[in-house]
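Close look at the chain arrangement
One-letter residues, chain by chain:
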Amino acid sequence: MHSFNFSYLDLSIKPCENYSNNKEPCRGDEEKGSLSKIQEKQAEKLKEINDKLGKALVAQKEIEKWDKRNYKSLNQQEFFLLLLREILDPKYGMFKFYEESRVDWFNSDSFEEPVMFYLIGCLCGLAIYNSTIIVLNFPLALYKKLLKRSPDVEDLKEVMPQLGRGLQQMMDYEEDDFEDVFCQTFEISVESFGEIKNVELCKGGSKKTVTKSNR
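Here is what the cut-offs are and how they apply
- Residues numbered from 1 in each chain as written.
- Predicted model: local features only at pLDDT ≥ 70, side-chain atom pairs only at ≥ 80, totals over all residues.
- Heavy atoms only, no water.
- Salt bridge = Lys/Arg side-chain N within 4 Å of Asp/Glu carboxyl O.
- Helix = DSSP H or I, 4+ residues; strand = E, 2+ residues; numbered from the N terminus.
- Buried < 20%, exposed > 50% of the residue type's maximum accessible area, 1.4 Å probe, protein only.
- Phe/Tyr/Trp six-rings, centres within 6.5 Å; stacked < 30°, edge-to-face > 60°.

As recorded in an unreviewed UniProt entry, the protein chain goes by HERC4 and comes from Mytilus edulis.

Right, dumping it as structure tokens:
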């Protein structure tokens with residue numbers, strides 16, 4: 001029987017090598033390259049998804065913050081709006097609403113103590129302090145009085161346009177028949193709790209005629 005000697009054969013497995021002599025890459029290198037590209041694409045995709053999720057979470061947090069601020073703001077505004085609307089209601093007798101000019105003014109015949117009006121002012125200040133917009137239908141004359149400035153005929157026109165225009169005509173009239181034209185005394189008629197009453201503008205005003213010199 002013949003025996004064969006295989007010792008001269010090199011049966012060890014050697015890795016493929018790419019030389020610079022334009023040899024084709026081995027199959028193992030191609031598979032590794034493809035796998036690496038797939039992993040890179042997956043990593044990029046995961047990064048893109050992660051970025052989108054991060055932006056979505058940030059947006060969600062901002063929406064939640066806005067909702068909380070908006071809810072709080074609406075509650076504050078509604079509170080002051082309803083409270084002041086109720087207080088300013090003429091049925092309580094503290095303020096009068098003038099239909100002609102659509103403004104509110106203080107009721108001189110109110111039965112409330114002055115401290116109640118002070119508390120209403122505190123409520124208005126509290127609303128402003130909390131950056132809450134409230135609607136107060138007061139004329140400019142109120143703010144003039146707060147600044148210790150005297151209201152004038154223009155302010156009267158804003159509250160009671162018809163009376164203001166009549167007073168302006170009286171002030172502008174320069175003819176000698178003033179008393180015959182206007183026939184006025186220092187007394188006015190005002191409505192109070194559904195009744196009309198006369199109020200003297202000075203002592204003995206009901207008997208004192210308005211003239212061109214004392215107007």
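For the structure on display, the rule yields eight salt bridges. One salt bridge in this structure joins Asp109 and Lys197, with 2.8 Å as the shortest N-O distance. Here the residue Asp109 occupies a position in the loop between β2 (103-106) and α2 (114-129), and Lys197 occupies one in strand β4 (residues 195-200), the gap between them amounting to 88 residues. You can call Lys197 partly exposed: its relative accessible area is 35%.

What follows concerns the packing of aromatic side chains. In this structure the tally under the stated criterion is 10 aromatic pairs. Here Phe79 and Phe80 contribute two aromatic rings whose centre-to-centre distance is 5.1 Å and whose plane-to-plane angle is 75°, an arrangement assigned as edge-to-face. Residue classification places Phe79 among the partly exposed residues on the basis of a relative accessible area of 48%. Here the aromatic rings of Phe106 and Phe138 are separated by 5.7 Å at their centres, their planes lie at 20°, and the arrangement is stacked. Linking Phe106 in strand β2 with Phe138 in the loop between α2 and α3 (140-146), this pair joins segments that are 32 residues apart in sequence. A relative accessible area of 32% places Phe106 in the partly exposed class. Look at Phe138 and you get buried, because its relative accessible area is 14%.

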